Amino acid sequence: MDPTQLIATATSRAEELPGATRENPFGPEWDVYKVRGRVFLLVPLDGTGRVTLKSHPDDSVALRETFADIVPGYHMNKKHWITLLPGSSLEDELVTELVTESYLLVVEKLPRAQRPVDPQLFARPAPEQTGAQ
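Quick caveat: nothing in here was measured; it's all calculated off a predicted structure. (Residues numbered from 1 in each chain as written. Predicted model: local features only at pLDDT ≥ 70, side-chain atom pairs only at ≥ 80, totals over all residues. Heavy atoms only, no water.)

Draft legend 1. A look at the sheet that holds strand β3 (residues 38-44). In spatial order, the strands read β1-β2-β3-β4-β6-β5; together these six strands make up an open sheet with antiparallel pairing. Only two strands of the sheet have a single partner each, and these edge strands are β1 (20-23) and β5 (70-72). Pairs of neighbouring strands in the sheet enclose a mean axial angle of 25°, with direction left out of account. For strand β4 (residues 51-54) and strand β6 (residues 81-84), the ladder comprises four bridges, and the chain directions are antiparallel. (Pairing = 2+ DSSP bridges. Helix = DSSP H or I, 4+ residues; strand = E, 2+ residues; numbered from the N terminus. Axes fitted to C-alpha atoms, helices over the stretch in contact; angles between N-to-C directions.)

Draft legend 2. Representation of the side chain of T9 within the structure. Of note, T9 is situated in helix α1 (residues 3-16). At 2.9 Å, the side chain of T9 and the backbone oxygen of Q5 are in polar contact. Setting aside residues no more than four positions away along its own chain, T9 makes contact with M1, D92, V95 and T96. (Polar contact = N/O pair within 3.5 Å; in protein donor to acceptor, adjacent residues only side chain to side chain. Contact = heavy atoms within 4.5 Å.)

Draft legend 3. Representation of the packing of aromatic side chains within the structure. Across all of its chains, the model carries two aromatic pairs by this definition. Ring plane angle 75° and centroid distance 5.4 Å describe the contact between F40 and Y103, whose orientation is recorded as edge-to-face. Placement of the pair is F40 in strand β3 and Y103 in helix α3 (residues 92-107), with a sequence separation of 63 residues. For the pair F40 and Y103, one class covers both residues: buried. Relative to F122, the ring of Y103 has its centre 5.9 Å away and its plane inclined at 55°; by these criteria the two rings are tilted. Taken together, the residues span a long stretch of sequence, with Y103 in helix α3 and F122 in the loop between α3 and α4 (127-130) at a distance of 19 residues. The class of Y103 is buried, set by a relative accessible area of 0%. Here a set of aromatic residues connected by ring pairs shows up, and it is made of F40, Y103 and F122. (Phe/Tyr/Trp six-rings, centres within 6.5 Å; stacked < 30°, edge-to-face > 60°. Buried < 20%, exposed > 50% of the residue type's maximum accessible area, 1.4 Å probe, protein only.)

Draft legend 4. Just the packing of α1 against α3, in detail. Orientation of α1 relative to α3, taken along the N-to-C sense of each, is 40°, at an axis distance of 9 Å. It follows from the interaxial angle that α1 and α3 lie oblique. The handedness of the crossing between α1 and α3 comes out as right-handed. Across from Q5, L6, T9, A10, R13 and A14 in α1, the residues of α3 making contact are D92, V95, T96, V99 and T100. For the contact of α1 with α3, the per-class residue count stands at five nonpolar, four polar and two charged. (Parallel < 35°, antiparallel > 145°, perpendicular 65-115°, else oblique. Left-handed = near helix turned anticlockwise from the far one by under 90°. Nonpolar A, V, L, I, M, F, W, Y, C, P; charged D, E, K, R; others polar.)

Draft legend 5. Representation of the pattern of salt bridges. Taken as a whole, this structure holds four salt bridges when the rule is applied. Among the ionic pairs, R22 bridges to D31, the shortest N-O distance being 3.5 Å. A salt bridge links E23 to K34, with the shortest nitrogen-to-oxygen separation between them at 3.1 Å. Of the two residues, E23 is situated in strand β1 and K34 in strand β2 (residues 30-35); the sequence distance between them amounts to 11 residues. Relative accessible area serves as the criterion here: at 30%, E23 is assigned to the partly exposed category. (Salt bridge = Lys/Arg side-chain N within 4 Å of Asp/Glu carboxyl O.)

Draft legend 6. How the structure looks around the environment of L6. Among the structural elements, L6 can be located in helix α1. Placed 80 residues apart in sequence, L6 and P86 show a C-alpha to C-alpha distance of 6.3 Å. Discounting residues that sit within four places of it in the chain, L6 has contacts with M1, G49, R50, V51, L84, L85, P86, L90 and V95.

Spelled out as structure tokens, the structure:
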């Protein structure tokens, strides 16, 4: 995945998510995606094509071990954040899933009244799609 495609995939998914907003609190060099004021995706506009997002600590370790283009979060807490780099190990579907999971990690920490979606149900297959009843 090249830098342009990585950023386009990540930001396109972020913009689809309920309650998500794009801001520039660090100046015009960074696009920061938030839900209810809390960050879930950081995109530096420096031409590197990298994106940084939240990840469950156990998932972060597994992702970094599995994908060469996933590294500890750039300038962030390495336990809770990962950075995706342009490269051949990433595909659109994985990037979309990781952005969604980052969003849900933030949403589930919000007070229930502030949640734009139920994190237990959002983006999960319906029972008829999984074969469960």
